[in-house]
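Here are the chains, one letter per residue:
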Amino acid sequence: MRYLKIIFLTLFIVTCCGACKLASITYSMTGASISPEVKTFSVDYFQNKSLLVVPYLSTLFTEKLKTYMRTKTSLKEMTDNNGDIRFSGEIVGYYQKPIDIQRDEVATSNRLTIEIRVKYINTKDDKYDFDSRFSNYADYDINADFDAIEEELITQILDKIIDDIYNKALVNW
């Protein structure tokens, strides 16, 4: 009889908790907290305004951000920047510089850095809107053939930047 009461009480609590909608925020396994009112997203084309232009960088970044949003959220993608949440901006920096300078003033490594300005608009709750710059880098050996590793470095950097954008926009860190 005691076990029956425990089972009944457990079922009652689970049913009550499931039926009550105490919060208007939904949570996902990715850590995002997206309002139930938000159903769509859009990503504008990010033009490359940096001094050093890599021809495919704008398209690569824009498509990677769209893919990330499609795979990490259940939001529907919209075109013409008319989603409930909107990403727009531009690539503002792409540069290399030597690092790890030794005593003889020779670098042992180089650093590739990419910087992207992102304007995020949440049409359902403007307190989450932002206009920020995100940057990240990858280091590589001075003796490496940059042309051979450039695409891999770009991909690594963009993945880190997109994680940061997603976290700021949807995880609200």
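Whatever comes next refers back to the structure up there.
Residues numbered from 1 in each chain as written. Predicted model: local features only at pLDDT ≥ 70, side-chain atom pairs only at ≥ 80, totals over all residues. Heavy atoms only, no water.

Enquirer: When you look at the nonpolar core in this model, what are you seeing that I'm missing?
Expert: Among soluble globular proteins, nonpolar side chains are generally buried collectively. Ranked by size, the top nonpolar core spans 36 residues in total, and within it F61, M69, I85, F87, I114 and I116 carry the most contacts. Going through the elements one at a time, β3 (40–43), α2 (57–72), β6 (85–101), β7 (107–122), β8 (130–141) and α3 (146–171) are the ones with two or more residues in this core. With 11 residues, the top contributor of residues to this core is α3. Residues within four places of I85 in sequence aside, it is in contact with V38, T40, F41, S42, M69, L75, Y120, I121, N122 and L170. (Core = buried A, V, L, I, M, F, W, Y, C linked by side-chain atoms within 4.5 Å. Buried < 20%, exposed > 50% of the residue type's maximum accessible area, 1.4 Å probe, protein only. Helix = DSSP H or I, 4+ residues; strand = E, 2+ residues; numbered from the N terminus. Contact = heavy atoms within 4.5 Å.)

Enquirer: Explain the environment of I114 to me, please; I cannot follow it from the model alone.
Expert: Position of I114 relative to the elements: it lies in strand β7. The sequence separation of I114 and Y137 amounts to 23 residues, and the corresponding C-alpha distance is 6.3 Å. Excluding its chain neighbours within four sequence positions, the residues that come into contact with I114 are L57, I91, G93, Y94, F134, S135, N136, I154, I157, L158 and I161.

Enquirer: Which parts of the structure should I look at to understand the pairing of β8?
Expert: Two faces, one strand: in a regular strand the side chains alternate between the faces of the sheet. Residues F130, S132, F134, N136, A138 and Y140 line the buried face of β8, whereas the alternating positions D131, R133, S135, Y137, D139 and D141 sit on a face that is not buried. Bridge count for β7 against β8 is 12 bridges, and the pairing is antiparallel. Each bridged residue has a counterpart across the sheet, and for Y120 the counterpart in β8 is F130. (Pairing = 2+ DSSP bridges.)

Enquirer: What is the right way to look at the side chain of T62 in this model?
Expert: Structurally, T62 is set in helix α2. In contact with T62, not counting residues within four places along its chain, are V43, D44, Y45 and F46.

Enquirer: I'm lost on α2 in this one. Help?
Expert: Since the α-helix packs 3.6 residues into each turn, any two residues three or four apart lie on the same face. Taking 1.5 Å as the rise per residue, α2 with 16 residues should run 22 Å; its terminal C-alpha atoms sit 22 Å apart, in good agreement. Considered for burial, the residues of α2 that qualify are L57, S58, F61, T62, L65, K66, Y68 and M69. Buried positions in α2, seen along its axis, are confined to an arc of 160 degrees and lie on one side of it. Against the buried residues of α2 lie β3, β4 (47–48), β5 (76–78), β6, β7 and α3. (Expected span 1.5 Å × (residues − 1). Arc of directions from axis to C-beta.)

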